[in-house]
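Chain by chain, the residues run as shown.
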Amino acid sequence: MKKIILTLSVCFLLTGCSGNENKDIIIENNLGLHALVNGEGELVVDFKYIELDKLKSNYVGISEENIELINESGKILSQFELGDLKVVGQLFAITAEQDDKILTTIYDQDGKVAYQSSDSVQILVDDLFVITQNDTSTILSETGAVLYQTEEEIDNVSLGADELFVSLPSGNVVMDYSDPENPVNLGVLGSFEAVASSDAIGDVLYDKDNRRMVVVDQTDTVICDLVVAFDRCYFDELDNLILVESTDNIIVDLANGNLIKLNSYYYNSGSYITKNTSKVYGPHQFYNDGTQVEVNDIQLAPFGSLCVNGLIPVYVRDQGFTYYNYDGTQAIMDFYDEVSPFTRDNVAIVKRDGQYALIDIEGNMQVANKEAINVIAPGFYGAYSDNTSYQVISANGTVLIDDTFVGSGEIYQGGDHLIGVFAKAGVYYVYDMADGTEIFHYEGDVVYLDGYLYGGDKVVFDLEGNIVYQRGE
């Protein structure tokens with residue numbers, strides 16, 4: 001079977017930076033153990049914690065023997081017996097068996113007991129902590145302050161992007177997390193949790209027991225209410241809501257409340273293809289804004305995916321690879337030996353006569369005559385002039401870094417910094433991708449994590465290339 005595929009050896013990683021006002025760094029070694037480095041670059045706690053979480057100025061960690069509360073200098077402030085640890089802002093809870101009972105204790109960041117479960121006090125450990133006593137349920141904020149109170153029993157508490165969803169026997173309410181004074185009743189019953197969020201659409205809530213999904217927009221209005229089972233869901237880069245059930249992918253038509261099973265390429269819930277699974281060359285069904293046409297004599301990739309600009313890579317029988325529109329017409333008149341889906345930059349990698357090129361949506365070549373071209377990240381491509389080394393170029397072929405590299409290359413988003421890490425002869429070079437200038441290089445692997453660049457567990461750099469920690473011999 002012919003395939004629409006290009007092997008991408010260069011990896012694209014974008015990771016957010018949460019920041020750390022105290023400049024302390026948690027380091028993880030290759031055994032999964034964590035250590036703490038202070039703002040002066042000193043290792044104040046060696047690699048001993050299976051998990052280590054920041055509170056406000058202190059830290060709580062799980063070792064093999066117990067749970068410990070430590071300060072920024074690594075001094076042990078308190079020790080607790082092992083149990084299930086949950087950290088919420090400046091609070092942490094430990095759930096463990098005591099005297100044949102399962103008890104939950106909530107501590108403040110100094111290790112003082114704030115609440116403990118008992119016959120008269122129930123504690124719900126969720127996205128936030130909920131205390132129920134004297135027929136009143138109280139949701140605690142991340143600082144331990146009272147965020148919301150009700151005389152109803154709270155089933156669960158779920159944090160969306162900026163909102164708090166609370167499941168009550170009388171219905172689900174939503175409130176602004178930063179200003180919870182005016183909760184809105186959503187008019188739906190069930191134990192719902194926020195499972196996906198989009199800045200453009202809103203939040204997806206799911207009651208797994210009853211297989212009910214509701215979508216709440218940014219005005220706290222339910223815009224979709226469906227009974228459907230799925231394992232996970234997400235919003236793709238065009239803000240389509242995609243459900244995944246086993247090996248099936250389903251797109252949700254939010255406007256009409258319909259579910260569309262996907263087995264090929266799609267653009268949105270109105271433009272997609274249903275591939276003929278019994279006949280390779282069709283007829284395949286093309287759907288486009290309410291119209292449907294049959295298309296024959298084309299072959300589609302075994303597994304379809306999002307086409308970010310609506311151009312579909314296909315193989316035309318006896319002619320080669322090209323691109324179609326969702327109305328079933330050919331979009332680009334040229335044919336190729338290989339093609340890939342278009343990227344966010346509206347360019348695609350194609351191969352013809354043994355050479356690779358980048359073309360735009362009209363089929364014009366932006367880059368030509370390369371041994372290979374790989375996607376590194378939106379706006380950044382690896383162009384190979386031989387079989388092993390590549391240059392970093394833009395979508396129009398501009399050389400962004402005046403050097404060549406081998407192996408993998410990564411680009412990381414760290415706050416306002418766009419950082420590139422590329423390898424050559426065992427040395428890793430770190431670049432500021434805004435202007436293509438080298439920040440530093442290091443003999444060994446370099447990876448980005450939470451605002452810092454790690455040379456394994458031996459050395460840590462900030463995004464300006466300064467060494468903030470280096471392990472002593």
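Just so it is clear, the structure is predicted and the values come from calculations on it, not from any experiment.

## A word on the overall build of the chain
Working step 1: Each helix and strand in the chain was counted, giving zero helices and 50 strands.
Working step 2: If you line up the chain on its principal axes, its C-alpha atoms span 75 × 60 × 35 Å.
Working step 3: Each of the 473 residues in the chain was classed as buried or not, and the buried ones make up 47%.
Working step 4: A fraction of 33% describes how many contacts in the chain between residues 6 or more apart in sequence connect residues 24 or more apart.

## Here we look at the pairing of strand β34 (residues 320–324)
Working step 1: For β34, the buried fraction is high: five of the five residues fall into the buried class.
Working step 2: Where strand β33 (residues 312–316) meets β34, five bridges bridge the pair, whose relative direction is antiparallel. Bridge pairing in β34 places isoleucine 312 opposite tyrosine 324.
Working step 3: Here β33 folds back onto β34, and the loop between the two strands holds three residues, one of which, aspartate 318, carries a positive phi near 65°.

## Side note on the environment of arginine 352
Working step 1: Along the chain, the position of arginine 352 falls in strand β37 (residues 347–352).
Working step 2: Polar side-chain contacts of arginine 352 include one of 3.1 Å to the backbone oxygen of phenylalanine 335.

## Considering the sheet that holds strand β1 (residues 25–28)
Working step 1: The sheet built from three strands is open, its strands ordered β1-β2-β3 with antiparallel pairing. At either end of the open sheet lies a strand with only one pairing partner, and these are β1 and β3 (43–49). Neighbour-to-neighbour, the strand axes of the sheet open up by a mean angle of 20°, direction not taken into account.
Working step 2: Note: strand β2 (residues 34–37) against β3, three bridges, orientation antiparallel. If you follow leucine 36 over to β3, its bridge partner there is valine 45.

Calculation rules
- Every chain is numbered independently, its residues counted from 1 as its sequence is written.
- Only residues with pLDDT of 70 or above have their local features reported here, since the model is predicted, and side-chain atom pairs are shown and tallied only from 80 upward, although totals for entire chains, interfaces and linings are computed over all residues.
- Water and hydrogen atoms play no part in the side-chain values, which are based on all heavy atoms of the structure.
- Secondary structure follows DSSP: runs of H or I at least 4 residues long count as helices, runs of E at least 2 residues long count as strands, and numbering of each begins at the N terminus.
- The classification of residues rests on relative accessible area computed with a 1.4 Å probe and restricted to protein chains. Under 20% of the type maximum is buried, over 50% is exposed, and intermediate values are partly exposed.
- Whether two residues are in contact is decided by their heavy atoms: any pair within 4.5 Å suffices.
- Any two strands with at least two DSSP-identified bridges between them are counted as paired.
- Any N or O atom pair separated by 3.5 Å or less is treated as a polar contact, with the protein-specific requirement of one donor-capable and one acceptor-capable atom, and with residues adjacent in sequence counted only for side-chain atom pairs.
- Interaxial angles span 0 to 180 degrees and are taken between N-to-C directions of axes, which are lines fitted to C-alpha atoms, for helices over the stretch in contact.

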